[in-house]
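Structural characterization, general
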Amino acid sequence: MNNNSNGVREAFYQRIDKINLFPLWEQLHNLVPREPAGACVPALWRYGDVRPYLMEAGELISAQEAVRRVLVLENPALRGQASITSSLYAGLQLILPGEIAPSHRHSQSALRFVVEGQGAYTAVNGERTTMSPGDFIITPSWAWHDHGNPPEADGGEPVIWLDGLDIPLVRFFDAGFAQNHDVDAQPLSRPEGTSLARFGHNMLPVNHAPGSRSSPIFNYPYTRTREALDTLLQHEQVDPCDGVKLRYVNPETGGAPMPTMATFMQLLPRGFHGAAYRSTDATVFSVVEGSGVAVIAGQRLAFGPKDTFIAPSWSPINFEAQEACVLFSFSDRPVQQAAGIWRESRDLA
Ligand code: GTQ
């Protein structure tokens, strides 16, 4: 039977609408698209555009009062949602010499990627780590964390890092909790460097039993990452899409450092003209060194040091490097892999 005369169907839709029903057949193609069709668009934030506002924020409010003094990078197509991609949040956080950002914990997992400045620390689960540019630091779900920038004899310097959190994912699940610590700086129970000594040398303490879903290493120092990439560039074949690319691992599992976010570092040799690829995990990039162009869904995004840019899900991306470039990146890949839905295509020619 096919009864659509005199708007019979429309009338039916209006009647069922009153009790919050709608007919799937009018929407099926949108709900189950042939390919990813998210709203997220390619975007780039030039560090030179953001930094002056961040420094201005430093005069408007203290880290103490703000709790976290962060300017949030919002995808232009997702304004009002504190989202850089549909699943992830990113922001640039400033901590001035002499400031502390008080201790708290939350269900959301966080990563810090240090962009500028020396001398600040993050404390996680009773241990501090001093942050240097290019360091990748994690704050696992429900771990106490506070940040500080102790004043130096010479005055010290502002420290700025990129925060990446799974705020939109946790909001999607309505599963977020948060607590403030009763002191601003959490008590320390281990000397700095303990976690890296125990877990950061391709060894684990004997009889070690994993205690959480996240990596027991909480600072992956840039010096080591850079050295690995350099060595590989000299001796290995460069991947046509990625240059030389490594992923950070949780040494207990070989998987991503946190359950919700994968992180990567790649080196594009000078003159690199990469092949296009695409994957279902929208990816946030932070430029460590070098200038080049990321061609994303046909848009040419010219990037330089400390810039942030994003590639949406399933958008073709390829890189052109005028000089040697080092790119940090993160995405929700482990979540998609856990769900068995992650896809990548590296054969777009
Ligand atoms: O440093 O704990 O950018 O809780 C957003 C929420 C940073 C943090 C953010 C946070 C933090």
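This structure is a prediction, so every number in the text was calculated from the model and none was measured.

Glancing now at the overall build of the protein. Of regular secondary structure, the protein possesses eight helices and 22 strands. Rg of the C-alpha trace for the protein: 22 Å, near the compact-globule value of 20 Å for 349 residues, within the 12% margin. C-alpha atoms of the protein, sized along the principal axes, occupy 85 × 50 × 50 Å. By the burial criterion, 50% of the 349 residues in the protein qualify as buried. Taking the contacts inside the protein whose residues are at least 6 apart along the sequence as the reference set, 74% of them involve residues at least 24 apart. Accessible area for the protein stands at about 17600 Å²; split by element, carbon and sulfur atoms hold 53% of it. In the protein, 27 positive and 37 negative side-chain charges are present, and the distance between their average locations comes to 7 Å.

With that settled, consider the pairing of strand β20 (residues 317-321). With respect to burial, β20 is a largely interior element, five of its five residues being buried. Side chains Ile317, Phe319 and Ala321 project from β20 onto one buried face, and the interleaved Asn318 and Glu320 project onto a second face that is buried too.

On the UniProt side, "domain: Cupin type-2" (unreviewed entry) is annotated at positions that read residues 92-160 here. A helix fraction of 0% and a strand fraction of 52% characterise residues 92-160, whose end C-alpha atoms lie 7 Å from each other.

Quick look at the packing of aromatic side chains now. Enumeration over the complete set of coordinates arrives at 14 aromatic pairs. One aromatic cluster is present, built from ring pairs that chain together Phe113, Phe136, Tyr220, Tyr248, Phe328 and Phe330. Taking NZ or CZ as reference, Arg128 lies 3.7 Å from the ring centre of Tyr121, over its face. The cationic tip of Lys245 hangs over the ring face of Phe264; the distance from NZ or CZ to the ring centre is 4.9 Å.

What follows deals with the sheet that holds strand β5 (residues 110-116). Hydrogen bonding along the main chain pairs the strands of a sheet, whether they run parallel or antiparallel. Reading across the sheet, the six strands line up as β2-β3-β10-β5-β8-β12 and stay open at both edges, with antiparallel pairing between neighbours. For this open sheet the edge positions go to β2 (70-72) and β12 (219-220), each flanked by a neighbour on one side alone. Taken together, the four bridges between β5 and strand β8 (residues 136-139) define a ladder with antiparallel strand orientation. From the neighbouring strand, Leu111 faces β8, where its bridge partner is Ile138. Contacting β2, β3 (89-95), β5 and β10 (159-165), helix α3 (residues 47-60) crosses the sheet at an angle of about 55° to β3.

On to helix α7 (residues 222-235). A rise of 1.5 Å per residue sets the reference length of α7, with its 14 residues, at 20 Å; its end C-alpha atoms lie 20 Å apart and thus fit the reference within 8%. Here the buried face of α7 lies against β12, β13 (244-247), β14 (262-268), β16 (283-289) and β21 (325-331).

Here we come to the pattern of salt bridges. Going through the model one piece at a time under the given rule, you end up with twelve salt bridges. Linking Arg226 and Glu289 is a salt bridge whose minimum nitrogen-to-oxygen distance equals 2.8 Å. Linking Arg226 in helix α7 with Glu289 in strand β16, this pair joins segments that are 63 residues apart in sequence. Given a relative accessible area of 18%, Arg226 falls into the buried group.

Along any regular strand, the residues point their side chains to alternate faces of the sheet. Residue alternation in β8 divides its side chains into two sets, Phe136 and Ile138 and Ile137 and Thr139, and both sets are buried. Where β8 meets β12, two bridges bridge the pair, whose relative direction is antiparallel. Among the inter-strand pairings, Ile137 is bridged to a residue of β12, identified as Asn219.

Turning our attention to the sheet that holds β20. Strands sit in the order β18-β17-β20 across an open sheet of three strands; the sheet is antiparallel. Where the open sheet ends on each side, the last strands, each with one partner, are β18 (299-303) and β20. The sheet shows a mean angle of 20° between the axes of neighbouring strands, taken without regard to direction. In this structure, strand β17 (residues 292-296) lies alongside β18, joined through five bridges in antiparallel fashion. Its bridge partner lying in β18, Val295 is registered against Arg300.

Residue placement: Asp281 occurs in the loop between β15 (278-279) and β16. Aside from chain neighbours lying at most four places away, what touches Asp281 is Ser331, Asp332, Arg333, Gln336 and Trp342. Within the structure, the side chain of Asp281 is placed 2.8 Å from the side chain of Arg333, a separation counted as a polar contact.

Right, let's talk about the nonpolar core for a bit. Ile84, Leu92, Phe136, Leu162, Met265, Phe328 and Phe330 are the most contacted members of the largest nonpolar core, which has 41 residues in total. Sequence-distant contacts of Phe328, defined by excluding residues within four places in its chain, comprise Leu111, Phe113, Phe136, Tyr248, Thr263, Phe264, Met265, Val284, Phe285, Ser286 and Val288. Within the second largest apolar cluster, 17 residues are counted, among which are Cys241, Ile296, Phe319 and Leu327.

On the surface, a cluster of nonpolar side chains totalling about 490 Å² of accessible area is made up of Phe22, Leu24, Leu28, Leu31 and Val32. Counting through the fold element by element, Val32 comes out in the loop between α2 (28-31) and β1 (43-45).

So, how was this worked out
- Residues numbered from 1 in each chain as written.
- Predicted model: local features only at pLDDT ≥ 70, side-chain atom pairs only at ≥ 80, totals over all residues.
- Heavy atoms only, no water.
- Helix = DSSP H or I, 4+ residues; strand = E, 2+ residues; numbered from the N terminus.
- Rg over C-alpha atoms; globule rule 2.2 N^0.38 Å.
- Buried < 20%, exposed > 50% of the residue type's maximum accessible area, 1.4 Å probe, protein only.
- Contact = heavy atoms within 4.5 Å.
- Areas by Shrake-Rupley, 256 points an atom, 1.4 Å probe, with all protein chains shown as cover.
- Lys, Arg positive; Asp, Glu negative; His and termini not counted.
- Charge placed at Lys NZ, Arg CZ, Asp CG, Glu CD.
- UniProt positions renumbered as here; feature names shortened; annotations may be inferred.
- Phe/Tyr/Trp six-rings, centres within 6.5 Å; stacked < 30°, edge-to-face > 60°.
- Lys NZ or Arg CZ within 6 Å of the ring centre and 35° of its normal.
- Pairing = 2+ DSSP bridges.
- Axes fitted to C-alpha atoms, helices over the stretch in contact; angles between N-to-C directions.
- Expected span 1.5 Å × (residues − 1).
- Salt bridge = Lys/Arg side-chain N within 4 Å of Asp/Glu carboxyl O.
- Polar contact = N/O pair within 3.5 Å; in protein donor to acceptor, adjacent residues only side chain to side chain.
- Core = buried A, V, L, I, M, F, W, Y, C linked by side-chain atoms within 4.5 Å.
- Patch = residues over 30% accessible without salt bridge, like charges linked within 9 Å, V, L, I, M, F, W, Y side chains within 5 Å.

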